[in-house]
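Here's the letter readout for the chains.
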Amino acid sequence: MLQLIERAEGYANRTAIVDAKGEYSYATLLRASKKIARQLLDGQTDLKEARIGFMVMPGFDYVKTQWGIWRAGGIAVPICVTYPTPSILYLIEDAQISALICAPEFAEILNPLAQAKGLTILSTDDEYAPSGYLPDIDPARRAMILYTSGTTGNPKGVVSKHQAIEAQIQMLVKAWQWQSEDHILNILPLHHVHGIINVLSCALWSGASNEFLPKFDAAGVFHKFLLGKINLFMAVPTIYYKLIAHYESMSEEEQQAVSARLRQFRLMVSGSAALPISTLERWRTISGQTLLERYGMTEMGMAISNPYDGERRPGHIGQALPGVEIRIADESDKVVNVGDSGEIQVKGPNVFDEYWNKPEATAGSFTEDGWFRTGDIALMNEGSYRILGRNSVDIIKSGGYKISALEIEEVLRRHPKIKDCGVIGIPDEEWGEVVAASLVLAGENIDFEALKNWLREQLPAYKTPRKFIVQDDLPRNAMGKVTKKALLSHFE
Ligand code: MLC
Ligand code: AMP
């Protein structure tokens with residue numbers, strides 16, 4: 001049996017999930033996920049790794065659906081709740097999804113797609129409860145596909161097996177000393193590892209409580225904190241930036257109450273993008289908490305972390321997590337001297353096996369001797385790793401989301417008024433980077449409002465460019481390739 005499920009049986013009466021609709025025990029979660037599993041199986045004995053797409057807001061229904069797919073032997077493919085139709089269609093086709101589960105509020109978007117593709121569609125509200133046994137799931141089977149942007153145009157599906165997910169959870173539970181008394185607030189999107197593994201799954205593995213706020217909002221977060229139950233928090237640097245900005249807008253009395261409460265937290269973690277030292281310091285003054293910065297990736301969960309006990313060094317990501325091997329290698333995959341910079345390469349039970357249906361991309365992301373190439377450049381500085389950047393200018397990190405410049409460029413080039421374009425990330429204190437596009441027009445001019453509206457129909461909001469310039473031509477090198485570094489200077 002899957003360890004997450006087996007462990008949940010031991011926590012039966014404890015509170016697993018809190019959401020806007022109520023509180024749910026582990027026993028309730030086990031019952032509800034069994035019902036979903038049986039609905040999906042509908043007489044079959046095992047889904048045998050069929051891909052099940054699900055579009056459900058963060059909350060109890062999301063978790064029962066994810067567990068239901070796993071318990072029926074399926075591969076869970078979460079669909080971002082703000083995806084526009086083309087992004088959902090891409091995912092359905094790329095992952096070869098065979099059935100969909102959706103919350104009633106998404107039926108209007110998913111029903112026509114299910115019909116067009118001939119897919120079964122279930123609702124999280126379906127009441128019928130067929131009987132039947134659930135299959136025994138070997139942890140070596142595939143469990144989840146998460147979509148990640150890369151240096152190729154379209155997002156790739158990262159396939160994780162149950163055993164990799166279990167390894168990712170276990171190393172964090174150990175390193176950060178998760179306990180069954182913990183109560184964490186989860187404000188992250190649930191189509192990425194930060195929210196799914198580090199917060200939700202670590203809590204459920206430990207018998208702790210995961211409380212959802214389905215969408216981040218700074219006032220809502222402070223309100224939840226002040227209620228007094230939450231003792232753990234994990235977020236991307238942009239969220240800490242926004243919390244600080246909100247704190248600064250509060251009255252002195254409110255600030256004192258929030259600060260006093262934050263001082264009682266057991267742990268606060270930052271990750272998914274570089275944490276600016278100014279944010280770490282400001283948050284420490286407000287909360288008395290030194291944020292624990294850690295480093296990870298969809299392909300491997302977390303790999304490097306500052307210590308729970310011991311010095312958390314600003315501007316550094318810490319040391320390898322238990323069971324993870326790290327090396328810093330040069331362009332020919334040779335290990336560099338300690339202190340020299342190179343690519344972070346990773347080995348361990350947490351690392352993924354494959355991109356879905358992309359054997360070439362999979363092979364290209366591992367060295368000949370099996371190390372995963374992260375593409376992140378770092379060095380070891382007095383016992384702690386420090387990130388210096390990435391080996392591709394075409395990967396942008398904005399608000400903790402990874403965005404491919406090439407994917408945005410491909411979309412922009414489909415617009416009838418755009419002849420060519422170049423997309424880059426501009427450094428930004430709040431967002432880490434902001435997506436910016438230089439456009440070469442096909443005609444005289446372009447209506448930017450209309451362009452923004454068009455883009456919102458093509459791409460999720462977090463991927464859409466925020467800054468535009470119009471140029472006669474893009475800066476290019478002697479080979480005719482757009483030079484992104486030169487392009488950056490054109491935005492200044
Ligand atoms: C939104 N806005 C942006 C933006 N995203 N502006 C600039 N750049 C961006 N990237 C604008 C919107 O257009 C809107 O403006 C306004 O901000 C509010 O939009 P929103 O959608 O409500 O934003 P908000 O909810 O505030 O989102 C911010 C956020 C979100 C930080 C909460 O981006 C987020 O949840 N990020 C977490 C992503 C994450 O989980 N990454 C982990 C990946 S896994 P207007 O004008 O339209 O009103 C990984 C591995 C690891 O990285 O190590 O963890
Ligand atoms: P994703 O592909 O969305 O999982 O994002 C993974 C990427 O986020 C990594 O390859 C890093 O570039 C970046 N990242 C994660 N944590 C950190 C961190 N603490 N500091 C800097 N970059 C980070």
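Cut-offs used in this document
- Residues numbered from 1 in each chain as written.
- Chains lettered and ligands numbered in written order.
- Predicted model: local features only at pLDDT ≥ 70, side-chain atom pairs only at ≥ 80, totals over all residues.
- Heavy atoms only, no water.
- Near = heavy atom within 4 Å.
- Polar contact = N/O pair within 3.5 Å; in protein donor to acceptor, adjacent residues only side chain to side chain.
- Areas by Shrake-Rupley, 256 points an atom, 1.4 Å probe, with all protein chains shown as cover.
- Helix = DSSP H or I, 4+ residues; strand = E, 2+ residues; numbered from the N terminus.
- Nonpolar A, V, L, I, M, F, W, Y, C, P; charged D, E, K, R; others polar.
- Pairing = 2+ DSSP bridges.
- Contact = heavy atoms within 4.5 Å.
- Axes fitted to C-alpha atoms, helices over the stretch in contact; angles between N-to-C directions.
- Buried < 20%, exposed > 50% of the residue type's maximum accessible area, 1.4 Å probe, protein only.
- Salt bridge = Lys/Arg side-chain N within 4 Å of Asp/Glu carboxyl O.
- Left-handed = near helix turned anticlockwise from the far one by under 90°.
- Phe/Tyr/Trp six-rings, centres within 6.5 Å; stacked < 30°, edge-to-face > 60°.
- Lys NZ or Arg CZ within 6 Å of the ring centre and 35° of its normal.
- 1 Å grid on protein atoms, 1.4 Å probe; cavity = no way out; pocket = protein on both sides within 12 Å on 5 of 7 lines; lining within 4 Å.
- Points joined across faces, edges and corners; volume = space filled by probe spheres on them.

A. Local environment of the site of ligand 2. By nearness alone, 14 residues border ligand 2, and Glu-293, Arg-294, Thr-298, Asp-376 and Lys-397 come closest of all. A distance of 3.3 Å is found between an oxygen atom of ligand 2 and a side-chain nitrogen or oxygen belonging to Thr-148. With respect to ligand 2, the side chain of Asp-376 contributes an N or O atom lying 2.5 Å from an oxygen atom. Its free accessible area being 500 Å², ligand 2 has 94% of it covered by the protein chains. The element contributing the most residues to the shell around ligand 2 is strand S13 (residues 292–297), with 5 residues. Along the lines of polarity and charge, the residues of the shell around ligand 2 split into 5 nonpolar, 4 polar and 5 charged.

B. Broad picture of the sheet that holds strand S15 (residues 319–320). Taken together, the 9 strands give an open sheet; going across it, the order is S2-S1-S10-S9-S11-S12-S13-S14-S15, and neighbouring strands pair in mixed fashion. Either end of the sheet is taken by a strand with one partner, and the two such strands are strand S2 (22–25) and S15. Taken strand by strand, helix H3 (residues 60–71) contacts strand S1 (15–19), S2 and strand S10 (209–212), and its axis lies near 135° from that of S1.

C. Local environment of the sheet that holds strand S17 (residues 342–347). Pairing within the open sheet is antiparallel, and its 4 strands lie in the order S16-S17-S19-S20. The sheet is open, and its two edges are formed by strand S16 (325–329) and strand S20 (384–390), each paired on a single side. Between one strand axis and the next, the sheet turns through 50° on average, direction left out of account.

D. Inspection of the side chain of Ser-123 at higher detail. Here Ser-123 is to be found in strand S6 (residues 120–123). Setting aside residues up to four positions removed in sequence, Ser-123 forms contacts with Cys-102 and Pro-104.

E. Structural context of the site of ligand 1. Lys-215, Ser-272, Arg-294, Lys-397 and Arg-466 are the nearest of the 25 residues found near ligand 1. In this structure, Lys-397 approaches ligand 1 through a side-chain N or O atom, which is 2.7 Å from an oxygen atom. At 2.8 Å, a side-chain N or O of Ser-398 approaches a nitrogen atom of ligand 1. Summarising the interface, the protein chains cover 75% of the accessible area of ligand 1, which totals 1100 Å² for the free molecule. Within the residue set of the shell around ligand 1, elements represented by two or more residues are helix H7 (193–206), helix H9 (237–248), S13 and strand S21 (395–398).

F. Seen up close, helix H13 (residues 405–413). Taken together, the buried positions of H13 are Ala-405, Glu-407, Ile-408, Glu-409, Val-411 and Leu-412. Of the surrounding secondary structure, the elements contacted by the buried residues of H13 are S21, strand S22 (401–404), strand S23 (418–428), strand S24 (432–441), helix H14 (448–458) and helix H15 (484–490).

G. Inspection of the pattern of salt bridges at higher detail. Within the structure shown, the criterion is met by 25 salt bridges. A salt bridge links Arg-313 to Glu-311; the nearest nitrogen and oxygen atoms lie 3.6 Å apart. For Arg-313, a relative accessible area of 17% translates into the label buried. Residues joined in a network through salt bridges with shared partners are Asp-394, Glu-409, Arg-413, Asp-420, Asp-473, Arg-476 and Lys-484.

H. The arrangement of the packing of helix H8 (residues 218–226) against helix H10 (residues 252–262) in detail. At a minimum axis distance of 9 Å, the contact between H8 and H10 shows a crossing angle of 60°. The handedness of the crossing between H8 and H10 comes out as left-handed. Where H8 approaches H10, its residues Phe-222, Phe-225 and Leu-226 are matched on the opposing element by Ala-257, Val-258, Arg-261 and Leu-262. The residue inventory of the contact of H8 with H10, partitioned by class, reads 6 nonpolar, no polar and 1 charged.

I. H8, seen in detail. All buried positions along H8 are accounted for by Ala-218, Gly-220, Val-221, Phe-222, Lys-224 and Phe-225. Backbone geometry just after H8 places Gly-228 at a positive phi near 100°.

J. Main features of the packing of aromatic side chains. Applying the stated criterion across every chain yields a total of 15 aromatic pairs. Cluster of aromatic residues (ring-pair linked, three or more members): Phe-222, Phe-225, Phe-233, Tyr-240, Phe-265 and Trp-283. Sitting over the ring of Tyr-355, Lys-156 keeps its end group 4.8 Å from the ring centre.

K. Region of the structure containing the layout of surface pockets. Approximately 230 Å³ is the volume found for the second largest pocket. Around the second largest pocket sit 15 residues that line it, and Pro-86, Ser-87, Tyr-90, Asn-154 and Glu-407 are the ones nearest its centre. Broken down by secondary-structure element, the contributors of at least two residues to the lining of the second largest pocket are helix H4 (85–94) and H13. For the lining of the second largest pocket, the leading source of residues is H4, giving 4 residues. Split into classes, the residues belonging to the lining of the second largest pocket amount to 8 nonpolar, 3 polar and 4 charged.

L. Up close: empty space enclosed by the protein. On inspection of all chains with the given rule, the structure shows 3 cavities of 30 Å³ or more. Its volume calculated, the largest cavity comes out at about 70 Å³. Lining the largest cavity, in full, are Leu-2, Leu-4, Ile-5, Trp-70, His-162, Ile-165, Glu-166 and Ile-169. Looking at the lining of the largest cavity, the elements with two or more residues in it are helix H1 (3–10) and helix H6 (162–175). If you tally residues by element for the lining of the largest cavity, the top one is H6, at 4 residues. Residues of the lining of the largest cavity, tallied by class, amount to 6 nonpolar, 1 polar and 1 charged.

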